[in-house]
Amino acid sequence: TMDAPFVAITAVSPSVLFAGDTFEDLEFRGRVTDTGVQVDWLGARQEGGRLDASGRYGFDRTFTAKVDLTEMAWRGVLAGEAESRLSVGGEFNGHGTLDDPVGEGAFSVLITGGLAGDVVAGGTLDLTLADRQARLEVEIPSLGASVNGTVGLAAPYDYRADAVFAGLDLGRLTPLL
């Protein structure tokens, strides 16, 4: 009705090209009301990986979001000249407003092939959104590296980071030179 508009949406596509990458089996189920957009489910596959998401965006700039990644992959040159494959898995849950988001996420990253795969191999990323900042904790075991930092979520995007390399084998870095 005009008093309470409601549009249910279901969209399915066998493949979609987005930002230069192809996603398969894209499916969206949701609805639009007079207060916002509800995403009941958004799913896609890419290179054997999977994205599943749900949430809500309110026209008052509030949101909720749940994102699950299972081995979502990207291929390209990260370092040197050879192509690497970067695979990400993890989960993010968030809510709040666009100006003051709150949330937590934990992700694992695996890099194979190329110089980046040889040197970095993989690691973990923990993310916390609070107080208009993103707090990051990164672990890269192959480098003995631990990085903790914050990034402002609004201009001028102030950032700070501390990195510790404990037990770093400098021989691992010689391919970068």
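Presented here is an overview of the structure given in this document. (Residues numbered from 1 in each chain as written. Predicted model: local features only at pLDDT ≥ 70, side-chain atom pairs only at ≥ 80, totals over all residues. Heavy atoms only, no water.)

## Some points on the pattern of salt bridges
- Summed over all chains, the structure comprises 11 salt bridges.
- Residue Arg-31 is joined to Asp-40 by a salt bridge in which the shortest nitrogen-to-oxygen separation is 2.9 Å.
- Given the relative accessible area of 28%, Arg-31 is considered partly exposed.
- In this structure Asp-40 comes out as partly exposed when scored by relative accessible area, which is 37%. (Salt bridge = Lys/Arg side-chain N within 4 Å of Asp/Glu carboxyl O. Buried < 20%, exposed > 50% of the residue type's maximum accessible area, 1.4 Å probe, protein only.)

## Section: a negative patch on the surface
- A grouping of Glu-104, Asp-126, Glu-137 and Glu-139 is seen on the molecular surface, where their side chains present a negatively charged patch.
- Relative to the helices and strands, Glu-139 resides in strand E9 (residues 133-140).
- Overall, the relative accessible area of 39% leaves Glu-139 in the partly exposed class. (Patch = residues over 30% accessible without salt bridge, like charges linked within 9 Å, V, L, I, M, F, W, Y side chains within 5 Å. Areas by Shrake-Rupley, 256 points an atom, 1.4 Å probe, with all protein chains shown as cover. Lys, Arg positive; Asp, Glu negative; His and termini not counted. Charge placed at Lys NZ, Arg CZ, Asp CG, Glu CD. Helix = DSSP H or I, 4+ residues; strand = E, 2+ residues; numbered from the N terminus.)

## Let's talk about the side chain of Gln-46
- As for its position among the elements, Gln-46 is in strand E3 (residues 36-46).
- A polar contact of 3.3 Å, which involves the side chain of Gln-46, links it to the backbone oxygen of Ala-73.
- Not counting the four nearest positions on each side in its chain, Gln-46 is found in contact with Asp-21, Thr-22, Phe-23, Glu-71, Met-72 and Ala-73. (Polar contact = N/O pair within 3.5 Å; in protein donor to acceptor, adjacent residues only side chain to side chain. Contact = heavy atoms within 4.5 Å.)

## Focus: the nonpolar core
- Core analysis: the largest hydrophobic core is formed by six residues, namely Val-88, Phe-92, Phe-107, Leu-127, Leu-129 and Ala-134.
- One finds Leu-115, Val-119, Leu-143 and Ala-145 within the second-largest nonpolar core, a separate group that totals five residues. (Core = buried A, V, L, I, M, F, W, Y, C linked by side-chain atoms within 4.5 Å.)

## What to know about the pairing of strand E10 (residues 145-152)
- Here E9 pairs with E10 via eight bridges, running antiparallel. In the strand pairing of E10, Gln-133 is matched with Gly-152.
- From the end of E9 to the start of E10, which pair antiparallel, there are four residues, and Gly-144 there has a positive phi angle of about 60°.
- Across seven bridges, the pairing between E10 and strand E11 (residues 159-165) is antiparallel. Following the sheet pairing, Gly-149 is matched in E11 by Ala-161. (Pairing = 2+ DSSP bridges.)

## A short note on unusual backbone geometry
- In this model, Ala-155 is joined to Pro-156 through a cis peptide bond whose omega is 15°.
- Inspection of the secondary structure puts Pro-156 in the loop between E10 and E11.
- Its identity is not glycine, yet Arg-132 carries a phi of approximately 60°, on the positive side.

## Focus: the environment of Arg-50
- By the element assignment, Arg-50 lies in strand E4 (residues 49-58).
- Residue classification places Arg-50 among the partly exposed residues on the basis of a relative accessible area of 23%.
- For Arg-50 and Ala-73, which are 23 residues apart along the polypeptide, the C-alpha to C-alpha distance reads 9.1 Å.
- Residues within four places of Arg-50 in sequence aside, it is in contact with Trp-41, Gly-43, Ala-44, Arg-45, Asp-68, Leu-69, Thr-70 and Met-72.

## What about the sheet that holds strand E6 (residues 84-97)?
- Reading across the sheet, the 11 strands line up as E1-E2-E3-E4-E5-E6-E7-E8-E9-E10-E11 and stay open at both edges, with antiparallel pairing between neighbours. Two strands lie at the open edges of the sheet, namely strand E1 (6-18) and E11, each paired on one side alone. Strand-to-strand twist of the sheet, defined as the mean angle between neighbouring strand axes without regard to direction, takes the value 10°.
- Of the strand pairs in this sheet, strand E7 (residues 101-112) and strand E8 (residues 122-130) are connected by eight bridges, and their pairing is antiparallel. Bridge assignment links Phe-107 to a residue of E8, and that residue is Leu-125. (Axes fitted to C-alpha atoms, helices over the stretch in contact; angles between N-to-C directions.)

## Notes on the side chain of Arg-85
- With respect to the helices and strands, Arg-85 occurs in strand E6.
- Residue Arg-85 is classed as buried on the basis of its relative accessible area, which comes to 18%.
- Within polar-contact distance, the side chain of Arg-85 engages the backbone oxygen of Glu-47 at 3.1 Å.
- If sequence neighbours within four positions are ignored, Arg-85 has contacts with Glu-47, Glu-71, Ala-73, Trp-74, Arg-75, Leu-110, Ile-111 and Thr-112.

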